[in-house]
Amino acid sequence: QVQLVESGGGLVQAGGSLRLSCAASGRSFSDKVMAWFRQAPGKEREFVAGISMSGAVTKSADSVQGRFIISRDNAKNTVYLQMNSLNVEDTAVYYCAAQRSGGAWALPEKYSYWGQGIQVTVSS
């Protein structure tokens, strides 16, 4: 089992920045592909960004490309999401997720482990 706990969310004005963290405990963190998803009210959960086991490869959704950066520190069992130039459309509950390598990164059903989610609200 892997337990994931997100932190760093909150309220920020448009144009501002936040950094989300996801701390993992349990079985090996470094053999998991990690990702961030988000879900806004009335919408489906969507892929935000993913990172390979070593951290060498990252992918981001078009909607956050150039604004959000995913990274990980395997020594600290933590994955991060640096969010810059936030806008009101980024308002959502953000989830950290983990999977063993092999599944399509953008598909939520490929992830076996999920955090409880954390609210990010961007005001205009």
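These remarks concern the structure in this document. (Residues numbered from 1 in each chain as written. Predicted model: local features only at pLDDT ≥ 70, side-chain atom pairs only at ≥ 80, totals over all residues. Heavy atoms only, no water.)

## Topic: the overall build of the chain
Logical step 1: Counting its regular elements, the chain contains 0 helices and 11 strands.
Logical step 2: Ordered by position from N to C terminus, the α and β elements of the chain give β-β-β-β-β-β-β-β-β-β-β.
Logical step 3: Taken over the C-alpha trace, the chain has a radius of gyration of 13 Å; the compact-globule value for 124 residues is 14 Å, and the two agree within 12%.
Logical step 4: Each principal axis of the C-alpha distribution contributes one length, and for the chain these read about 40 × 25 × 25 Å.
Logical step 5: Sorting the 124 residues of the chain into buried and exposed places 44% on the buried side.
Logical step 6: Put simply, of all contacts in the chain between residues at least 6 apart along the chain, 59% involve residues at least 24 apart.
Logical step 7: Accessible area of the chain: about 6200 Å², with a carbon and sulfur share of 48%.
Logical step 8: Side-chain charges in the chain split into 12 positive and 9 negative, and the spacing between the mean points of these groups amounts to 7 Å. (Helix = DSSP H or I, 4+ residues; strand = E, 2+ residues; numbered from the N terminus. Rg over C-alpha atoms; globule rule 2.2 N^0.38 Å. Buried < 20%, exposed > 50% of the residue type's maximum accessible area, 1.4 Å probe, protein only. Contact = heavy atoms within 4.5 Å. Areas by Shrake-Rupley, 256 points an atom, 1.4 Å probe, with all protein chains shown as cover. Lys, Arg positive; Asp, Glu negative; His and termini not counted. Charge placed at Lys NZ, Arg CZ, Asp CG, Glu CD.)

## A few points about the pattern of salt bridges
Logical step 1: A full pass over the atoms with the stated rule returns 5 salt bridges.
Logical step 2: Two residues, lysine 32 and aspartate 31, come together in a salt bridge whose shortest N-O distance is 2.8 Å.
Logical step 3: Take lysine 32: its relative accessible area is 2%, and that puts it in the buried class.
Logical step 4: Judged by relative accessible area, aspartate 31 falls into the partly exposed class, the value being 26%. (Salt bridge = Lys/Arg side-chain N within 4 Å of Asp/Glu carboxyl O.)

## Here's the deal with the side chain of serine 52
Logical step 1: On the secondary structure map, serine 52 appears in the loop between β5 (46-51) and β6 (58-60).
Logical step 2: If we skip the residues at most four places from it in the chain, serine 52 touches Val57, Arg72 and Trp105.

## Notes on the pairing of strand β9 (residues 92-100)
Logical step 1: Burial analysis of β9 places 7 of its 9 residues in the buried class, which makes it a mostly covered element.
Logical step 2: Sheet topology places strand β4 (residues 32-39) next to β9; 8 bridges connect them, and they run antiparallel. Residue pairing across strands places phenylalanine 37 opposite tyrosine 95, the latter belonging to β9.
Logical step 3: With 3 bridges joining them, β9 and strand β11 (residues 118-123) adopt antiparallel strand pairing. Paired with tyrosine 94 across the bridge in β11 is isoleucine 118.
Logical step 4: With 2 bridges connecting them, β9 and strand β10 (residues 113-114) associate as antiparallel partners. Within β10, the residue paired with alanine 97 across the bridge is tryptophan 114. (Pairing = 2+ DSSP bridges.)

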